[in-house]
Amino acid sequence: MENGVYYGDGYSGDGGYMEQEEEWEREGLLDPAWEKQQKKTFTAWCNSHLRKAGTAIENIEDDFRNGLKLMLLLEVISGETLPKPDRGKMRFHKIANVNKALDFIASKGVKLVSIGAEEIVDGNLKMTLGMIWTIILRFAIQDISVEEMTAKEGLLLWCQRKTAPYKNVNVQNFHLSFKDGLAFCALIHRHRPDLIDYSKLSKDNPLENLNTAFDVAEKYLDIPRMLDPDDLINTPKPDERAIMTYVSCYYHAFQGAQQAETAANRICKVLKVNQENERLMEEYERLASDLLEWIRRTMPWLNSRQTDNSLAGVQKKLEEYRTYRRKHKPPRVEQKAKLETNFNTLQTKLRLSNRPAYMPTEGKTVSDISNAWKGLEKAEKAFEEWLLAETMRLERLEHLAQKFKHKADTHEDWTRGKEEMLQSQDFRQCRLNELKALKKKHEAFESDLAAHQDRVEQIAAIAQELNTLEYHDCMSVNSRCQRICDQWDRLGALTQRRRQALDEAERILEKIDILHLEFAKRAAPFNNWLDGTREDLVDMFIVHTMEEIQGLIQAHDQFKATLGEADKEYNLIVGLVREVEAIVKQHQIPGGLENPYTTLTASDLTRKWSDVRGLVPQRDQTLANELRKQQNNEMLRRQFAEKANAVGPWIERQMDAVTAIGMGLQGSLEDQLHRLREYEQAVYAYKPHIEELEKIHQAVQESMIFENRYTHYTMETLRVGWEQLLTSINRNVNEVENQILTRDSKGITQEQLNEFRSSFNHFDKNRSCRLAPDELKSCLVSLGYSIGKDRQGEMDFQRIMAVVDPNSTGYVTFDAFLDFMTRESTDTDTAEQVIDSFRILASDKPYILPDELRRELPPDQAEYCIQRMPAFKGPGAAPGALDYMSFSTALYGESDL
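Residues numbered from 1 in each chain as written. Predicted model: local features only at pLDDT ≥ 70, side-chain atom pairs only at ≥ 80, totals over all residues. Heavy atoms only, no water.

Caption draft 1: Structural detail: the overall build of the chain. Looking only at helices and strands, the chain has 32 helices and four strands in total. Here the chain holds 897 residues, and 41% of them are scored as buried. In the chain, the share of contacts with a sequence separation of at least 24, taken over all contacts with a separation of at least 6, comes to 71%. Working note: accessible area of the chain is about 51,300 Å², and carbon and sulfur atoms make up 51% of it. (Helix = DSSP H or I, 4+ residues; strand = E, 2+ residues; numbered from the N terminus. Buried < 20%, exposed > 50% of the residue type's maximum accessible area, 1.4 Å probe, protein only. Contact = heavy atoms within 4.5 Å. Areas by Shrake-Rupley, 256 points an atom, 1.4 Å probe, with all protein chains shown as cover.)

This is the structure in C-alpha cells:
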C-alpha cells in the first residue's frame, strides 16, 4: 500500500472506488432501503450455505473482512477447494485471503468491476454487497435455464408459468410483482398444495401473505427467511436483487417436482401418439370399407350395354356418364387419396415412435383397393368407348341427311339467276375495256362452274350413300338430286355459246384500242418533257462561281440541240390522232374517239410546244447577264484571298512567338517582358492591314459571296486570331509582371523560378498553360513535395487544391502554382513579426504615436498608417496614441478592422 494505491492486484483505490460507486448509483444500490434489504437477504443466503460447514455470519460487512469465511463460503457453494488461507491477523494477511477468494471468482468467468480486496478488508458495505451479489449471480442464478433465455429472463419465465393459473398474480418483474406475497404463496401451492390453502388468501392482506409464505418455506422447504415483510410492504419499490436471490431458492427447492412434471408430460405425449395412431387405423378401415362398397355397386352399371337404338337415348346415357364423372367420382378420388395419405402418415408415425407396422383387415389392404380401383377405371374406359362409338354411328346417318340438304341448298342458291345471265346480250354496246371486263368475268364464271363440279358429284355421292343405308326419305332425296343434274347440263351449254359471242365482239374493237394505246404511250412522256422543259426555261437559279454559270450555259446549249428531234416526235403523235379519227368515222363505232388510256389531247400538246419555242431566246439573255456578274465576283475573291493569305500567317507567327515567351523558356523575366512589349508595339503597328481587309470583306458580303477557294482564311477566323493575339500578349505581360513581383517580394532566385516553370511546362502536355489535378499532383511530386497514396495523402492534396484553386474551376494556372511554391519554399511575413517591428519603433509601448511613425517611416507610408490605425483604448495612453496591434492583425485578415 503506497499513497492509497495497492500495486499487488493493480487496483487504484481512488479511481476504482469512484467508478464502482457511480455504477451502483445508476443501478440503485445506494438506496438506503434497498441496501437494508440486500444486507438482510444476502446475510441469510450466505448462512444457508455456511451452516453446512457449521458456521454462520452476523454482520456481513465485518465477518468477511479477514477473508476466511469468504473462502469457506466459496468452497461450500462450488464444491471445490481453494488455496490454503493465511492465518495471520495482520492487514496484509487479510488482503491476501480476500484476493484468493476474488481470484477464484474471476476464474469462474466472473468480471469484477473495480472490486478490490482493500474495500472488503476495510468493511465497505457497498463493495461487500456488490461482491456477494456477483457470487449469487454466478452460483445460484446463472445456471437457471428456461428455453435458452438468460438467467434472469429464465427465472422470470419460470415464475410466470408456475403462477399463471392463480388469481390476482401477474409476475412481470422481481420487485412490485412480489410485494403482496401472493406470488410466493402461488409458487409454494403449485408444487406443494398440501402446505397452503391458496383460496383463503387475500390480496388485501400482504403482511399475512408474506409471513405465511416465509414461514412455510422455512419450516417445510428448508429456505431461511431472507426478506422482511415490513420492509417489502413499506418500500415503494423493493430491491430486485434481494427478491431474485430469495426466488432462486424456491427454484432450486422445486427442481425435483419439475422433474416429476417432465416425466408426466413424457407419458402423456406417448399416450397421445398412441391414441392418434389408433384413430388413424379406425379411419382407414372405415374409408376402405366405404370405398370398396361403392365400387361394387357401380360396376354393374358400367358393364351394361343396353340402348333403345336412338340418338337421343344414347345421348341421355352419355350425359348420365358425364354426371357420374363430374359429380359422383371426384369425391371418391379424394377419398382414395385421403385413404392412401392416412395410411402413409400412419406408417410413418408408427415407424418414428418405434411401433410395429399396421396391417389392414384382409381384403382392405392398399393393394386390394388399388386393384379394385383399376378394375373400375377399366370398366369406365370400356363404357365410355361404347357410348362414343354408338353416338358416332347414329350421328353419322343424321349428319348425312343434313349434309345432303345443306349442299343442295347451297348449290341451288348459287345457280339461281345463272341461266338468265348467260342468255343476256349486254356486251353488244360495250367498249373494248368493258368487253374485256365482261370476258374476264365470264372466264371467272367458267372457273367457278368447273369448281362446282365437285359439289354436284358430292351431292350425288351422298344421295347414293343414303340409299345404301336405307334412309327413310330416299324418294325426295333422289328427286332433288335429278333436278340438280339436269340444270347442271343446261348451264354448261349456255356457257359455251356466250364465250363464242364475246370473242367475236372483242376482235371488232381491238384495232381501235391499239391506236388509242399507242397515242397514250407516246403522248405521256412527250407531255412530261414539255412540262419539265417549260419549268426549266423559267426556273430561277442562284450561282456563286464561274464554274456554275458556265455549266448552266453549256447545259442550255445542249438542250437547244435536241429541239429538232422533239419536233419530229410532236408530228408523229399528232398523226396517230388523225388516224384514229378516220377509223372511227369509217366504222361508226359509238364512243370510239374517247381514249380510255389518257386524258391528253392533240390540242394540249400543240399549245405547250408553242410555249417552249418562245421561252428559249429569253433564257439565252438571262444566262448572259449572270455570266457578267460572276466574273466581277471572281475578281473580289482574288483580292480578299491575296490579302488574307498574308495576314493569317503573320498572326500565327506572332501567336507562336508570344506563346513561346509565355512558356518561360527564353531568358530572364525582364527579357521576356521586354520582348512582349516589342511584340505588342508590332501588333498595333500592323492594324491597318486588318482594317484594309475588313473593307474588302464588306464588298464580298455585299456581292453575296459565301465561299472562296483561293484561301482557307475567313474574316471571322482572322478577327478571332487578332483578338486572341492581343489577349495573349496582355495576359503574358500580366503573368510575367506578377512573376517578377512574386520573385522580388518572396526572394526566390531565377534558378528556382526556372525550375518551377520547367516542371509546370513538362506536365502541361496540351500547352494550355494550366494543369489538371492529376497533372498538378505529378508536378508537385517531381519537385520533391511528399504526397502519400493513402487517405491522409489524399486529404493533404485536397487542402492544396483548395489553396491553388479556391473557385473549384478544376484546373490550376501557373500564377497560382508559383504562389503556392513560393509560400512553400520561402519565409513569409506574419502578423506577429509586423507587431514586433512596430513594438521596436514604439520603444516597447503597447501603442505608437504619429510623430514616431513620421520619424521612422517614409512620409507616404507613415500617413498611410496614421489614417488607418485605430485609436489605442488601453490604460495610460498618451494623447493621439494609435493601436498598432489591431492594425497589424487586420493586414493579414485576422481581425475585422
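Caption draft 2: Region of the structure containing the nonpolar core. Among the nonpolar cores identified, the biggest contains 77 residues, and Ile135, Phe178, Phe184, Ile188 and Tyr250 are the most heavily contacted of them. Sequence-distant contacts of Ile188, defined by excluding residues within four places in its chain, comprise Pro193, Leu195, Ile196, Ala213, Val216, Ala217, Leu221, Tyr250 and Phe254. (Core = buried A, V, L, I, M, F, W, Y, C linked by side-chain atoms within 4.5 Å.)

Caption draft 3: Structural view of the confidence of the model for the chain. Summarising the model, the chain shows a mean pLDDT of 80, and 90% of its residues fall at 70 or more. Note that residues 1-21 has pLDDT below 50 and, in this model, 32 contacts with residues that lie over four places away or in other chains. (pLDDT = per-residue confidence, 0-100.)

Caption draft 4: Summary view of the packing of aromatic side chains. What the rule picks out here adds up to 29 aromatic pairs. With a centroid separation of 5.9 Å and 35° between ring planes, the pair formed by Tyr321 and Tyr324 is classed as tilted. One end of the pair, Tyr321, and the other, Tyr324, are both in helix H14 (residues 311-352), three residues apart, so they sit about a helical turn from each other. With respect to burial, Tyr321 and Tyr324 carry one shared label: buried. (Phe/Tyr/Trp six-rings, centres within 6.5 Å; stacked < 30°, edge-to-face > 60°.)

Caption draft 5: View of the pattern of salt bridges. Taken as a whole and assessed by the stated rule, the structure comprises 47 salt bridges. In this structure, the salt-bridge partner of Glu276 is Arg279, at a minimum N-O distance of 2.5 Å. With Glu276 and Arg279 both in helix H13 (residues 255-303) and three residues apart, this pair spans about one turn of that helix. Put simply, Asp503 and Arg499 hold a salt bridge, and the shortest N to O gap is 3.7 Å. Of this pair, Asp503 and Arg499 both sit in helix H18 (residues 474-538), four residues apart, which is roughly one turn of the helix. Among the charged side chains, a salt-bridge network with shared partners connects Glu276, Arg279, Glu283, Lys338 and Lys349. (Salt bridge = Lys/Arg side-chain N within 4 Å of Asp/Glu carboxyl O.)

Caption draft 6: Quick look at the packing of helix H2 (residues 32-50) against helix H12 (residues 240-253). Relative orientation of the contacting elements H2 and H12 amounts to 25°, with a least axis distance of 8 Å. Classed by the angle they form, the pair H2 and H12 counts as roughly parallel. Pair H2 / H12 crosses with left-handed handedness. Mapping the contact onto sequence places Gln37, Gln38, Thr41, Phe42 and Trp45 in H2 and Arg241, Ala242, Thr245 and Cys249 in H12. When the residues that make up the contact of H2 with H12 are grouped by side-chain class, the tally is four nonpolar, four polar and one charged. (Axes fitted to C-alpha atoms, helices over the stretch in contact; angles between N-to-C directions. Parallel < 35°, antiparallel > 145°, perpendicular 65-115°, else oblique. Left-handed = near helix turned anticlockwise from the far one by under 90°. Nonpolar A, V, L, I, M, F, W, Y, C, P; charged D, E, K, R; others polar.)

Caption draft 7: Representation of the side chain of Thr391 within the structure. Topologically, Thr391 is positioned in helix H15 (residues 366-415). In this structure Thr391 comes out as buried when scored by relative accessible area, which is 7%. Non-local contacts of Thr391, meaning those with residues more than four positions away in its chain, are made with Leu311, Val314 and Leu318.

Caption draft 8: Region of interest: helix H10 (residues 206-220). An ideal rise of 1.5 Å per residue puts 21 Å on 15 residues; H10 measures up with 21 Å between its terminal C-alpha atoms. Along H10, the residues that are buried comprise Asn209, Leu210, Ala213, Phe214, Val216 and Ala217. Viewed end-on, H10 has its buried residues packed into an arc of 165°, placing them on one side of the element. Considering only its buried residues, H10 is in contact with helix H9 (182-191), helix H11 (229-234) and H12. (Expected span 1.5 Å × (residues − 1). Arc of directions from axis to C-beta.)

Caption draft 9: Fine view of the packing of H15 against helix H17 (residues 432-468). Two numbers describe how H15 lies on H17: the axes approach to 10 Å, and their chain directions differ by 150°. Judged on the interaxial angle alone, H17 and H15 are roughly antiparallel. Classified by chirality, the crossing of H17 by H15 is left-handed. Between H15 and H17, the residues in contact are Arg396, Leu397, Leu400, Ala401, Lys403, Phe404, Lys407, Ala408, Thr410, His411 and Trp414 and Phe445, Asp448, Leu449, His452, Arg455, Val456, Gln458, Ile459, Ile462, Ala463, Glu465 and Leu466, respectively. Residues belonging to the contact of H15 with H17 are distributed by class as follows: 13 nonpolar, four polar and six charged.

Caption draft 10: Region of the structure containing unusual backbone geometry. In this structure, Asn168 is a non-glycine residue whose phi angle is positive, near 65°. Checked against the element boundaries, Asn168 lands in the loop between helix H8 (151-163) and H9. Positive phi outside glycine occurs at Asp844, with the angle close to 65°. Its location among the elements puts Asp844 in the loop between helix H29 (831-841) and helix H30 (850-856).

Caption draft 11: Focus on the environment of Leu669. Inspection of the secondary structure assignment puts Leu669 in helix H22 (residues 669-685). Overall, Leu669 belongs to the buried group, its relative accessible area being 2%. Spatially, the C-alpha atom of Leu669 lies 7.7 Å from that of Gln739, the residues being 70 residues apart in sequence.

Caption draft 12: Just the environment of Leu176, in detail. Looking at the element boundaries, Leu176 is found in the loop between H8 and H9. On the accessibility criterion, Leu176 (45% relative accessible area) is partly exposed. The sequence separation of Leu176 and Asp239 amounts to 63 residues, and the corresponding C-alpha distance is 9.3 Å. Other than its neighbours up to four places away in sequence, Leu176 contacts Pro236, Lys237 and Pro238.

Caption draft 13: Geometry of the environment of Val121. Structurally, the position occupied by Val121 is in helix H6 (residues 117-121). Using a relative accessible area of 3% as the deciding quantity, one classes Val121 as buried. Sequence separation between Val121 and Asn97 is 24 residues; the distance between their C-alpha atoms is 9.6 Å.

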